[in-house]
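Chains, contacts and geometry: an overview
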Amino acid sequence: MIEMTLREIADVVGGTLHDVADPEVRVTGAVEFDSRRIGSGDLFLALPGERSDGHDYAGAAIAAGAVAVLAARPVGVPAIVVAPNRGGVPSTSVALSHDADGSGAAVLAALAALARASVSRLVAAGGLTVVGVTGSSGKTSTKDLLAAVLAPLGTVVAPPGSFNNELGHPWTALRADAGTRFLVLEMSARGPGHIAALAEVAPPGIGVVLNVGTAHLGEFGSREAIAKTKGELVEALPPTGLAVLNADDPQVAAMATRTSARVVTVGQAATADVRATDIRLDDQARAEFTVHTPAGSAKVRLAVHGEHHVGNALSAIAVALECGADLDTVVAALSGARAASARRMDVRTTADGITVVNDSYNANPDSVRAALKALVSMARAAETPRRSWAVLGEMGELGEESVIEHDAIGRLAVRLDVSRVVVVGTGRPARALHQGAVMEGSWGEESVIVPDIAAAIALLEQEVAPGDVVLVKASKSVGLWEVAEHLTDPSAVAARGGAVNNGVGQDTEAAG
Ligand SMILES: Nc1ncnc2c1ncn2[C@@H]1O[C@H](COP(=O)(O)OP(=O)(O)O)[C@@H](O)[C@H]1O
Ligand SMILES: [Mg+2]
């Protein structure tokens, strides 16, 4: 964050100073909620947690170098104290599971106010550009691509993984300081007004809208409602700002009328300002294409897997060019950009020749379709076509559409000619997925349903053979990564008679 005195911070968050000897003392470091991460000059954020209360660690944080604590009650060490928010946290809160007296909500509100003050001043000073990314699928992937293409232009701050909730969003925004050139933020919504609220915390100058799909359809009720909320991002842009819109998604393209910012469109549509043609996928489903931009054309080769990343990459290219990058540098940065966030289209081939596509981080109908297409294109790209397996668990949060959407995925898997579908689960959606595949199939072996992860692993261990490609995908709550991690686990590979030989798309960061 920008350097601020304790008095200034108290003003910004509407708090009072307690046990502070000198209100002019400055916070020169970061804002941290984990006392173990506190360093000299930091501000410690006291939040209630499931097992412990951050207020109990106030002393430890000061001992570790914190200048003060942002808290909901006096803690006996220098603190900026905000009054508990008795109204409590909004029901949408995912950051706070235990906040009986509203103290967590108050501290988070103070954090948001602090982030807004810091970011606004950095933007006003002309040094910082905030790039917001929203869409039903691809926010984290695009955030990672953006971080890669913007890095040659200056210091980039972006959240680790998907850390973009009411805590992660302002916490990330506060990591931007006077030396930061770009702040890239993922903006996701579970209801109307959420993106507008995130944009308040860190006002974006550039807004990227990727797509309007069916993620969280249950909460929103309709695609139109989702489009309305995603569009809050472009509505928040200033007239001097830039909206990057997907020309291939009619609901995104229509957002052009909802912003006073300049609009740049991306996509495969002939009208797109930044356009991809001649898309081809290699045997790892990595896309190669020609990009046409106002700054010229170039060949792009992506290191991430799946055709859906073409659109994500076009958005990243558009932003980087607008920020002054030259096309060759952007293309070079893209070719080196791997999935920085874990369990997203992470492709590995074991020594016994089984390729595992671990896309188990999360799932919605759009991302499952994209992953199935990548799976079959990988299987088909080989000289001798490989067998393809789709190990699928339930997609959550689809509301009334759930059964229909699961049925449609089962049918699509068979239409795409996936060799074997393994459905994991016992619920109605899982059965609908299996039934959809059975109904669409012809010889009865297209799909099997197993009750749990252990049964899926047992089946795969018995039937998967060298050369097969196995996609693993479900909503996060299913925890289906265990299947992928088992298949590539060195001891499991050894038991089958081999050893892991490479790790294409290795992830370095835990998903948040
Ligand atoms: N543009 C896209 N369209 C459809 N699916 C996508 C797109 N970009 C990424 N995906 C897939 O969606 C899933 C979630 O990707 P991620 O980047 O984490 O999105 P988000 O952060 O929006 O949830 C992954 O399976 C990924 O491969
Ligand atoms: Mg995400």
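A brief report on the enclosed structure follows. (Residues numbered from 1 in each chain as written. Chains lettered and ligands numbered in written order. Predicted model: local features only at pLDDT ≥ 70, side-chain atom pairs only at ≥ 80, totals over all residues. Heavy atoms only, no water.)

**A short note on the packing of helix α4 (residues 139–150) against helix α12 (residues 327–336)**
- In contact at an axis separation of 8 Å, α4 and α12 are set at 135° when each is read in the N-to-C sense. Between α4 and α12, the crossing angle belongs to the class labelled oblique. Here the hand of the crossing between α4 and α12 comes out right-handed. Contacts between α4 and α12 pair Leu145, Ala148 and Val149 from the former with Val330, Ala333 and Leu334 from the latter.
- Along the lines of polarity and charge, the residues of the contact of α4 with α12 split into 6 nonpolar, no polar and no charged. (Axes fitted to C-alpha atoms, helices over the stretch in contact; angles between N-to-C directions. Helix = DSSP H or I, 4+ residues; strand = E, 2+ residues; numbered from the N terminus. Parallel < 35°, antiparallel > 145°, perpendicular 65-115°, else oblique. Left-handed = near helix turned anticlockwise from the far one by under 90°. Contact = heavy atoms within 4.5 Å. Nonpolar A, V, L, I, M, F, W, Y, C, P; charged D, E, K, R; others polar.)

**Topic: the pairing of strand β19 (residues 388–393)**
- Among the 6 residues in β19, 6 count as buried, and that is most of the element.
- Here β19 shows a buried face lined by Ser388, Ala390 and Leu392 and a second buried face lined by Trp389, Val391 and Gly393.
- Relative to strand β22 (residues 469–473), β19 runs parallel, the two sharing 5 bridges. From the neighbouring strand, Trp389 faces β22, where its bridge partner is Val470. (Buried < 20%, exposed > 50% of the residue type's maximum accessible area, 1.4 Å probe, protein only. Pairing = 2+ DSSP bridges.)

**Structural notes on the packing of aromatic side chains**
- What the rule picks out here adds up to 3 aromatic pairs.
- One residue, Arg344, lies across the ring of Tyr361, its end atom 3.7 Å from the ring centre. (Phe/Tyr/Trp six-rings, centres within 6.5 Å; stacked < 30°, edge-to-face > 60°. Lys NZ or Arg CZ within 6 Å of the ring centre and 35° of its normal.)

**Regarding the pattern of salt bridges**
- Inspection of every chain in the model, using the stated rule, returns 25 salt bridges.
- Where Asp366 meets Arg369, a salt bridge forms, and the shortest distance between an N and an O atom there is 3.2 Å. Of this pair, Asp366 and Arg369 are both found in helix α13 (residues 365–381), 3 residues apart, which corresponds to roughly one turn of the helix.
- For Asp366, a relative accessible area of 22% gives the class partly exposed.
- One salt bridge connects Arg411 with Glu440, and the closest N-O pair in it is separated by 3.3 Å. Of the two residues, Arg411 is situated in helix α14 (residues 402–415) and Glu440 in helix α15 (residues 428–440); the sequence distance between them amounts to 29 residues.
- With a relative accessible area of 24%, Arg411 lands in the partly exposed category.
- Ionic contacts of the salt-bridge type, sharing partners, join the residues Asp407, Arg411, Arg415 and Glu440 into one network. (Salt bridge = Lys/Arg side-chain N within 4 Å of Asp/Glu carboxyl O.)

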